Amino acid sequence: MKGRLMTDRKYLYTERAHYMCPNMHFGIMARIGAEFDANGIIESIGVLKSAHPLMRSLIAEEQGSSRIYYEEHPELEIPVMIKEADDNWQTDYEAISSAGWNVQKEALLKVFAYPSGGGTRVLFITHHLLCDGRGLLQLVQEFADYYSNGIRPNSVDEKLMESLDDLPSGSDLRFISKVLIRDFNKKWRKEGNKVSYDEYLKFERDHDSKQDIKCDIKNVDGEDLDTLLGLCRENGVSLNDYLIAKMMIDEGTDKVVIASDIRNKIKNYKKGALGNYAAAFGVVVKKRSSEIMELARVVDQEVRSIMKKPDREMLVLSCYFNMDPELLDAAAISTLGSFESRAARFVGSKIFGFEKRDGHCITNLGRIESSVIREGVFIPPASPANRKAWGVLTINKKMRVCSILSM
């Protein structure tokens, strides 16, 4: 497949961390009120593709350099699988998870559609190279608006983060962290090796075949949700603070990593653009209370403290910008596979947590009201660093908490 020549290529910078790392996919299942129409579904996906350049792109390696970029292919088709009403969307999601994802040859979005009573159920599964969780929710909303009411999405030429200058002032690594990363960059270059994408794909297939991932969905609706939100307001905490505290208590952990939407903090985000515009940071509470609201108040203080300090909130992104891109490529396979690199193994095991795989994380996409989407479930990535991940999405006062457990 021949791509369009691009004079202004979109290179992978922070996105490079998702290029050679397994389980970098996630999804949203949404139930839409509009009557099922297979042709309308396919047409709607085509409209989305015309509005978003990244949807019609594959990942390519620049000849003669180590740079990776989004190569636009106008003729690229987004796979849309039309299913029967009684088919299980979780089974379809698991099939995608176990098959691996060749981002140099496969579109970064895959769609399943199911008749559902008098309406339509859709499952969007995306590779993290296309967007973050908020970006996928936006995409599902754009689909529902066009599919139900013919409202076309605005065309946006995505502009991705390209350097530390795109982050808020004061986001760079602290001195000791920067020295550590520079040291491992030097050790990596001294080793004089690199991972080919074909080598990574072989590792990914083997890794995926051995996975044992469990998915569980809990519903919080109506009065139960109102009661919970009221309790949070009374205690001066957010729903996210409550969820972090609950995970700490339920899982017996003092650290939970959460996602942070930074669209309103960075300099080059264009409204409606796909891409990755999120940070992630760990919330740590060493002395945990067994009373959930008391713990939630401590969590609230810790989160506020982190978000006031760009070098803490943007820590992971700053790390990506400072690290040799090919060292990033090798981190997962050196820790979880057979590729030999002392530098990459240290980074993968000690910095990214791939060796212990005992992390806990929450991504909460927030609350929306929609006249066309009835309810939805956000399925978070099963990152190699995590033992358990919660994906939270609330639509029309129906909160769904999707728990992913990696055994």
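For the structure, check the block above.
Cut-off values and rules
- Residues numbered from 1 in each chain as written.
- Predicted model: local features only at pLDDT ≥ 70, side-chain atom pairs only at ≥ 80, totals over all residues.
- Heavy atoms only, no water.
- Disulfide = S-S within 2.5 Å.
- Buried < 20%, exposed > 50% of the residue type's maximum accessible area, 1.4 Å probe, protein only.
- Axes fitted to C-alpha atoms, helices over the stretch in contact; angles between N-to-C directions.
- Helix = DSSP H or I, 4+ residues; strand = E, 2+ residues; numbered from the N terminus.
- Parallel < 35°, antiparallel > 145°, perpendicular 65-115°, else oblique.
- Contact = heavy atoms within 4.5 Å.
- Nonpolar A, V, L, I, M, F, W, Y, C, P; charged D, E, K, R; others polar.
- Phe/Tyr/Trp six-rings, centres within 6.5 Å; stacked < 30°, edge-to-face > 60°.
- Lys NZ or Arg CZ within 6 Å of the ring centre and 35° of its normal.

Draft legend 1. Broad picture of the state of the cysteines. All chains considered together, the criterion is met by 0 disulfides. Cysteine Cys21 is unpaired, with the sulfur of Cys361 as its nearest cysteine sulfur at 12 Å. Take Cys21: its relative accessible area is 6%, and that puts it in the buried class. There is no disulfide at Cys402, and the cysteine sulfur nearest it, in Cys215, is 3.6 Å away. Of the residues examined, Cys402 reaches a relative accessible area of 0% and is grouped as buried.

Draft legend 2. Expanded view of the packing of helix H4 (residues 175–191) against helix H11 (residues 325–336). Running from amino to carboxyl end, H4 crosses H11 at an angle of 85 degrees, the nearest separation of the two axes being 10 Å. The angle between H4 and H11 places the two elements in the roughly perpendicular class. Across from Phe184, Asn185 and Trp188 in H4, the residues of H11 making contact are Glu326, Leu327 and Ala330. Residues that form the contact of H4 with H11 fall into these classes: 4 nonpolar, 1 polar and 1 charged.

Draft legend 3. Layout of the packing of aromatic side chains. For the structure shown, the criterion picks out 11 aromatic pairs. Pairing Tyr269 with Tyr277 gives two aromatic rings, centres 4.8 Å apart and planes at 65 degrees, and the pair type is edge-to-face. Accessibility expressed as a relative area gives 0% for Tyr277, which makes it buried. Taken together, the ring pairs in this structure connect Tyr19, Tyr197, Tyr200 and Phe203 into an aromatic cluster. Above the ring of Tyr69, the side-chain terminus of Arg9 is found at 3.9 Å from the ring centroid. When the ring centre of Trp101 is taken as reference, the NZ or CZ atom of Lys110 above it lies at 4.1 Å.

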